[in-house]
Amino acid sequence: MTTKPGAALQPIPRVGLTWLLVAQLLVVLPHLGHLPLWIVGLWLGCAAWRIQIFRMRAPYPNGWIKAGLMLGTGFGVYLSRGGLVGLEAGVVLLIAAFILKLVEMRSRRDALVVIFLGFFALATACLFEDGILAALYYLLPLTALLAALIGLQQSALATEPWATLRLAGSLLLQAAPLMLLLFLFFPRIEPLWSLPGPRERGVTGLSDSMTPGDIAELGQSGELVFRASFEGPVPERSRLYWRALTLEHFDGRRWSQALGLQGQAPLWERRGEPLAYSIVMQPSNQPWLYSLDVAEGGPGDARLMEDFRLQQRHPVTRMQLYRVTSWPDARREPKGAVGALQRALQLPEQGNPQSRAWAAELRRRHRQPEALVQALLDHFGREAFHYTLKPPRLGRDSIDEFLFSTRRGFCEHFSSAMTFVLRAAGIPARVVTGYQGGEFNPAGNYLLVHQFDAHAWVEYWQPQHGWTSVDPTFQVAPERIERGLEQALGQDQDFLEGTPLSLARYRGIDWFNRLRLSWDNLNYGWQRWVLGYQGERQMQVLRAWLGSADLRLLGLSAVAAVATMLALVALWLFRPWRREGDAQQRLFGRFERLLARHGLHRAPGEGPRAFAERAARRLPALTAEILAFVALFEAQRYGGRQGKSDELARALRRLRRALPWRTGEG
């Protein structure tokens, strides 16, 4: 199609501008949660200015105003995001450019740039919110942008925006089958298919260290951590210890990961029946993954670390689906790695003298590690220890104060104290943090694990048996392990009043609980089959459909087929052969360019006959040649006259020769 001279200066139709303003509002709305507030004022000001320009009550911004707006916007982004580089800053800059371009655009070509910026800005919204409700909402700005694009092609006098909207909706429906095919078969190639998520997602959760009160704070958060689906019956809740980290270094107050881990795979032996399951994990901005002991599998770059945690190279910045097989009864390092055992005996040189003395006494009475561990567990179950999210503050000798004075605490208090005493008694031990249990959803037969399921327990080592997990919290509050946090703290008024989720209040409402779980099941399906439809999942689906076919060969064949299709389309668009009608239009375009050299440009909406008569008045010496060419063009193009393009080309050559000067015309 030939671009007409002056097309870039065509005015923006009212319908196109109306839908562009609506689309801009709909595109900016989902970004408001992570945009600085001044962006809202910027959009309101630019939208009002654009309307006044259309009503001819305000001028276009001059160069100084545009430069000031650009500098002010850049400075605002720098102050609000701490720089101009990065995903968050880049999105704010994109939205700002999308808004500022609104007051600068003068023609349809400028409006096209704004619309294309809108499509890109809408795509970036998916990086911050990708749930099913958000996806349904994104259809609104997508339709509005398409309506604006259609409105630009309509007459400036068109005043029916609803007809434009209906056409946009119709085009979207027609494109749906192609979209579905591309979704199913287009290859998911990392990292081309994915982008890192924003830093503000997944900012809560377990950290790589633990001090008294950390997990208690998570106990008051209802944020979802992951969902787990088992291939078979869901294990009993008391067996569901989801490992995240192993904390081996203790400085007297704080437990943290040991430095200098070599990252070599640990030695372990498979025993018992394995558990196969899949995890849909929410963004955590941490590299570790959640799994039951001992785990095999995970994403492609995941590996089992020396301390039996499952970890990948990069932090989890977006929702991630992975499959794992665990061996809960496996024997872990029965011979013991020297470095791990040394780290599991580390204690500060001083502090907590009562606990150290008690550990020495226990060691004298119980020579076998297993007997000493059982004595400790019996002590927690027999004495007046109390499980609470609101324990009293502890001083310098926190272990002594907890064991012999306050006796009130959360799981990290019990696991920290038990690990300290075991180490003081000469038994290698360490703290494990992760999540315990999970809420079963019968609607989808899977588990939901929330932040309030955060937990800490103990691992100790004994010769020939390796690492063994024990949970001192179970001795004090068995209902916490068997039935969940809300059962353990069901009578704790501080918990009921301080927990935003208020589980003890809402789970008792049967219809509400069923509705909540059904909605979660719908979201889970969306995450697994849409958001989680990445490389591995795609290959599994294709194998299920295509059987044992060579998927690589099929992929290459599909790429070759697409390339062939694109080549055929290109040949059709730029084919060397032309139908007569196309040849006529091409020759008329040359006719327009020929007269344009003499300052004659065809106006938008001006017909061939009117243009020829105006040209004849400007070039009276060429009246016969101009009118003869246009008459022949109209007869062939619109009158149904049979004739070849050669006849029209000869008429054009006669006009070219009659001009007072000649240049080669392609």
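In the block above lies the structure referred to throughout.
Residues numbered from 1 in each chain as written. Predicted model: local features only at pLDDT ≥ 70, side-chain atom pairs only at ≥ 80, totals over all residues. Heavy atoms only, no water.

Student: Quick question: what am I supposed to make of the packing of helix α3 (residues 63-81) against helix α4 (residues 87-104) here?
Tutor: Think of two packed helices as two axes; the pair is described by the angle between the axes and how far apart they sit. Look at α3 against α4: their axes get within 10 Å of each other, and the N-to-C directions meet at 160 degrees. With respect to α4, the element α3 is oriented roughly antiparallel. α3 and α4 meet at a crossing whose hand is right-handed. Contacts between α3 and α4 involve Lys66, Leu69, Thr73, Val77 and Arg81 from the former and Glu88, Ala89, Val92, Leu93, Ala96, Leu100 and Glu104 from the latter. Residue composition of the contact of α3 with α4, by class: 7 nonpolar, 1 polar and 4 charged. (Axes fitted to C-alpha atoms, helices over the stretch in contact; angles between N-to-C directions. Helix = DSSP H or I, 4+ residues; strand = E, 2+ residues; numbered from the N terminus. Parallel < 35°, antiparallel > 145°, perpendicular 65-115°, else oblique. Left-handed = near helix turned anticlockwise from the far one by under 90°. Contact = heavy atoms within 4.5 Å. Nonpolar A, V, L, I, M, F, W, Y, C, P; charged D, E, K, R; others polar.)

Student: What is the right way to look at the sheet that holds strand β5 (residues 255-256) in this model?
Tutor: Across a sheet, strands are paired by hydrogen bonds formed along the backbone, either parallel or antiparallel in direction. Pairing within the open sheet is antiparallel, and its 3 strands lie in the order β1-β5-β4. Lying at the two open borders of the sheet, with one neighbouring strand each, are β1 (209-210) and β4 (249-250). Across 2 bridges, β4 lies against β5 in antiparallel orientation. From the neighbouring strand, His249 faces β5, where its bridge partner is Ser256. (Pairing = 2+ DSSP bridges.)

Student: Would you take a moment to explain the sheet that holds strand β9 (residues 295-297) for this structure?
Tutor: The sheet built from 6 strands is open, its strands ordered β9-β12-β7-β2-β18-β17 with antiparallel pairing. At either end of the open sheet lies a strand with only one pairing partner, and these are β9 and β17 (439-441). The sheet shows a mean angle of 30 degrees between the axes of neighbouring strands, taken without regard to direction. For strand β2 (residues 224-230) and strand β7 (residues 275-281), the ladder comprises 5 bridges, and the chain directions are antiparallel. Among the inter-strand pairings, Phe226 is bridged to a residue of β7, identified as Met281.

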